[in-house]
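Commentary on secondary and tertiary structure
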Amino acid sequence: MRELIHRKLERTAIGFVLAIILAASVGGIVEIAPLFTIDETVEDVEDMRLYTPLELAGRNIYIREGCYACHSQMIRTLRDEVERYGPFSLAVESKYDHPMLWGSKRTGPDLARVGGKYSDFWHVAHLTNPRDVVPESNMPAYAWLARTPLRLDDLGSHLAAQRSVGVPYTDEMIENAARDAFGQAVPDSEQASGVTERYGEETQVSAFDGVATRVTEMDALVAYLQILGRLTKAAYQNTAAPEQVPDPSD
Amino acid sequence: MGQLTTRERDLAAAILLVLAIVGIAMAAAGRFDPIGVHGAIVLLYSLGLLYLIMSSSFGPPPDPSRISRYYDDPIKVGVWFTLLWAIFGMFIGVWAAAQLAWPSLNFDTAWASFGRIRPAHTTGVIFGFGGNALITTSFHVVQRTSRARLADQLSPWFVLFGYNLFCIVAVTGYFMGVTQSKEYAEAEWYADLWLVIVWVTYFVLYIRTLARRREPHIYVANWYYLAFIVVVAILHIINNLTVPVSLGHAKSYTIWPGVQDSMVQWWYGHNAVAFFLTAGFLAMLYYYLPKRAERPIFSYRLSILSFWGITFFYMWAGSHHLHYTALPHWVQNLGMTFSVMLLVPSWASAGNALLTLNGAWHKVRDDATLRFIMMAAFFYGLSTFEGSFLAVRPVNSLSHYTDWTVGHVHAGALGWVALITYGSLYTLVPAIWKRERMYSAALVEVHFWLAFAGTVIYVFAMWNSGIIQGLMWRTYTGEGTLAYSFVDSLVAMYPYYIARAFGGLLFLIGAVVATYNIWMTVRGVPALAERHEDVPVAAHLADGAATGPAE
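Per an unreviewed UniProt entry, the recorded name for chain A is Cytochrome-c oxidase, cbb3-type subunit II, and the organism is Sinorhizobium medicae.

In structure tokens form, the structure reads like this:
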């Protein structure tokens, strides 16, 4: 009987296409649509903050260089991972990530909580030539980042595009994007105070690449690496393995 | 292009002019951005094709009797695209593999660093090599199994050259750092939009050709090609919904946030495997295997079972890429369950293929081409079993993030996708160029053993490295502390990374041998006497108005 129906079906091209669409859509609809409607999917957290323009630019460099191909940003709910990298990742921590960078491969270690674990200086030395700091490393060197000035003039449109996909940047943040990016990497400038005003007192304002007069791609990337895992403290609360949030001043 | 009418040539020229203007606009709007370089590439590409069209515009009108024959010219060009992308993609792959063992092999340049060439490798082999192989063979198979000429003369060229423009823009973009970072969907918004246009044309062409068929039933191979075309369109559109920063920026931001993005991405990612790398290549299997073995497919019922099983089950399986992550547990469980069930239709396909060979095993021994196809079916069975196994949560806790996944993917990509493609090409090339045989049967044999040895070395190296890596990460000392630092596990990987690069190199050499052999076949092997049987049935009726009895 089934065969009879199929014999009919395989005689009409359009009918066959419709049957394919029907069979193939069920899985995706059942698994994806509820992720938007079930409230427990993403935890509610008070202290979740946005990426500053400099950190967002750093994130875009992380994407551009394909760092995600070798580094995950997702600590799984497994004992050895929690002990190696820190509390397991929560959904809320990538709430403002468009796209997410959970990764699929660890040729290098997970970076979900690398923020604050190493000094800015270590990161710059490591990115300039990883084998200077970790002799066994097979990571490419990114020395040119420190030589390349960061493009600042279009950061406002980046923030605006982020807002249109749902990240709550304010008009003020969008307007001041370029100033804030400059200020975050040049601590002595007059623009520096605006960054902490808009993004919170705990925002790290620093000459990330060691040069306090100009903003390079190295500044942006290190600023991004230093915020990883520190947008919210939620993962450190109510966890089986209590731990302090790393503090870069230690 | 000698078969195009004057009107079709004019239309082609008009399309290329529009494309050239789009290229100029992109170059102007994006003069401070990589999108400007892509504008220049689009412009050059369209002008180059325009030159080809214009230089043939005063040629003689096409032979009216062409309508009563199959349209094989686009297939011939597609074969070359396939072969060249294979060499390019595999070369980048070997290079990337070597960089993992010797990191200075990027020569301190940005464009050649691992993170940028890795997507160039994956796109080069999946979309460049695999995609061109699928489009090319689908044009061949749909005509032969429908006994009808392609429904249109211009759109096959549009699909072929348009698709390759997408691949070129995607790959050149990665070298410049233009990427969405979504694995296997790295190409940015404008390339994605272009692919939608190309893909819709492809679908319309395919369905129109099927509508002209002179067989009441649509053959199994076409079910798979249809599933490939339709579902890839759905996946591509949904995963690539983005908001560009501006029309002058290559950069865009996906509309999907965090955890939802992870699910959409791996729903896409896993079904790119399912409908690009499985369904499309099963279509090749269902046509070229019975052709080459000269045996009918073992079981029609198994074909139905496996087709609908694959179409339905695969779409649920993507979340097995996200075990133990912040994705809700219920989705992970669904993904695992369906991944395990997927073994049934997968092995039904592989078994159906191998049982088809009953009564033809002596040919597998003597004919390296048939051995390619047989070994592909074997690796298909192997890697689908491995896939279901790796999707089980406790197994995945060990294998995920390690080289085991990479080994699994390559068991499928080298052992299944590439072997079935070369087996199909060795069958297709003499048929459409109407040659008596391949230039050298010995070189086919050499290619088989290079490809087989390369695959086995690669996969064993990655199994070993992946399992060692996974175990080292979770090993505890007697005192209850982690036994190995991350760097310890990396140091243990180096021998396997070298072995893997060597396996890949063997496979690449095989691809070069194949290209040479096919080149010499087209150049030097005597043509067959006119093959009277290779024309559509009732060719004298083929004016496009007549329809098959079943429609």
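**Side note on the packing of helix α7 (residues 220-239) of chain B against helix α9 (residues 300-313) of chain B**
Each pair of packed helices can be described by the angle between their axes along with the distance between the axes. All names here are of chain B. Across the interface, α7 lies against α9 with an axial gap of 11 Å and an inter-helix angle of 5 degrees. Of the possible angle classes, the one that applies to α7 and α9 is roughly parallel. Listed contacts from α9 to Val220, Trp223, Tyr224 and Ala227 of α7 are Tyr300, Ser303, Ile304, Ser306, Phe307 and Ile310. A class-by-class count of the residues in the contact of α7 with α9 yields 8 nonpolar, 2 polar and no charged.

**Overview of the nonpolar core**
The tendency in soluble globular proteins is for nonpolar side chains to be buried side by side. Counting residues in each nonpolar core, the largest one holds 192 residues, and the members touching the most others are B:Phe276 and B:Tyr422. In terms of residue count, the dominant contributor to this core is helix α8 (residues 258-293) of chain B (22 residues). Grouped together as the second largest cluster of nonpolar side chains are 57 residues, A:Met48, A:Tyr142, A:Ala177 and A:Ile227 included.

**Brief notes about the domain arrangement of chain A**
Along its sequence, chain A is carved into domain 1 (1-41) and domain 2 (53-236). Taken over C-alpha atoms, the centre of domain 1 of chain A sits 41 Å from the centre of domain 2 of chain A.

**Here we look at the environment of B:Ala350**
Its place among the elements puts B:Ala350 in helix α11 (residues 343-356). Apart from residues no more than four positions distant in its own chain, B:Ala350 is found in contact with B:Ala377, B:Tyr380 and B:Gly381.

**Considering the domain arrangement of chain B**
All names here are of chain B. Parsing chain B into structural domains produces domain 1 (1-69) and domain 2 (70-527). Both sides together, the interface formed by domain 1 and domain 2 hides about 2,100 Å², and carbon and sulfur atoms give 68% of it. If you look at where domain 1 meets domain 2, you find 0 salt bridges. Inspection of the region where domain 1 meets domain 2 yields 13 residue pairs in polar contact (both at pLDDT 80 or more). Those elements that place two or more of their residues in the side of domain 1 that touches domain 2 are α1 (6-29) and α2 (34-55). The dominant element in the side of domain 1 that touches domain 2, judged by the number of residues it contributes, is α2, at 8 residues.

**Looking at a nonpolar patch on the surface**
Residues and elements named next belong to chain A. On the surface, a cluster of nonpolar side chains totalling about 280 Å² of accessible area is made up of Ile14, Leu18 and Ile21. By the secondary structure assignment, Leu18 is in helix α2 (residues 13-32). The exposed category is assigned to Leu18, whose relative accessible area is 52%.

**Considering the environment of B:Ser113**
By secondary structure assignment, the location of B:Ser113 is in the loop between α3 (73-101) and α4 (114-146). For the pair B:Ser113 and B:Gly423, spaced 310 residues apart in sequence, the C-alpha separation works out to 34 Å. Apart from residues lying up to four places away in sequence, B:Ser113 is in contact with A:Glu65, A:Pro140, A:Tyr142, A:Trp144, B:Gln99 and B:Asn106. Polar side-chain contacts of B:Ser113 include one of 3.0 Å to the backbone oxygen of B:Ala110.

Rules used in this analysis
- Along every chain, residues carry numbers that run from 1 in the direction the sequence is written.
- Here the convention is simple: chains get letters from A, ligands get numbers from 1, in the order in which they are written.
- The predicted origin of the model limits local features to residues at a pLDDT of at least 70 and limits the giving and counting of side-chain atom pairs to 80 or more, whereas totals for whole chains, interfaces and linings rest on all residues.
- Hydrogens and water are ignored here; the side-chain numbers use all heavy atoms of the structure.
- Here, axes are lines fitted to C-alpha atoms. For helices the fit covers the stretch in contact, and angles between N-to-C directions go from 0 to 180 degrees.
- Runs of H or I in DSSP of at least four residues are treated as helices and runs of E of at least two as strands, each being numbered from the N terminus.
- Between 65 and 115 degrees an angle is taken as roughly perpendicular, under 35 as roughly parallel, over 145 as roughly antiparallel, and anywhere else as oblique.
- What makes two residues a contact is simply this: any of their non-hydrogen atoms within 4.5 Å.
- Three classes are used: nonpolar for Ala, Val, Leu, Ile, Met, Phe, Trp, Tyr, Cys and Pro, charged for Asp, Glu, Lys and Arg, and polar for all others, with Gly counted as polar.
- Here, nonpolar core means buried Ala, Val, Leu, Ile, Met, Phe, Trp, Tyr and Cys residues that are tied together by side-chain atoms lying within 4.5 Å of each other.
- Relative accessibility under 20% of the residue-type maximum defines a buried residue, over 50% an exposed one, and the middle range a partly exposed one, all with a 1.4 Å probe and only protein chains included.
- An automatic or database domain assignment provides the domain bounds reported here.
- When two components associate, each loses some accessible surface as probed by a 1.4 Å sphere; the sum of these losses over both components is called the buried area.
- Salt bridge, as used here, is a side-chain nitrogen of Lys or Arg placed within 4 Å of a carboxyl oxygen of Asp or Glu.
- Here a polar contact is recorded for every N or O atom pair within 3.5 Å, except that within protein the pair must consist of a potential hydrogen donor and a potential acceptor, and residues adjacent in sequence are included only if both atoms are side-chain atoms.
- Like charges are joined within 9 Å and nonpolar side chains (Val, Leu, Ile, Met, Phe, Trp, Tyr) within 5 Å, but only among residues with over 30% relative accessible area and no salt bridge; these make up the patches.
- Surface accessibility in these figures is a Shrake-Rupley result with a 1.4 Å probe; residues are shielded only by whichever protein chains are displayed.

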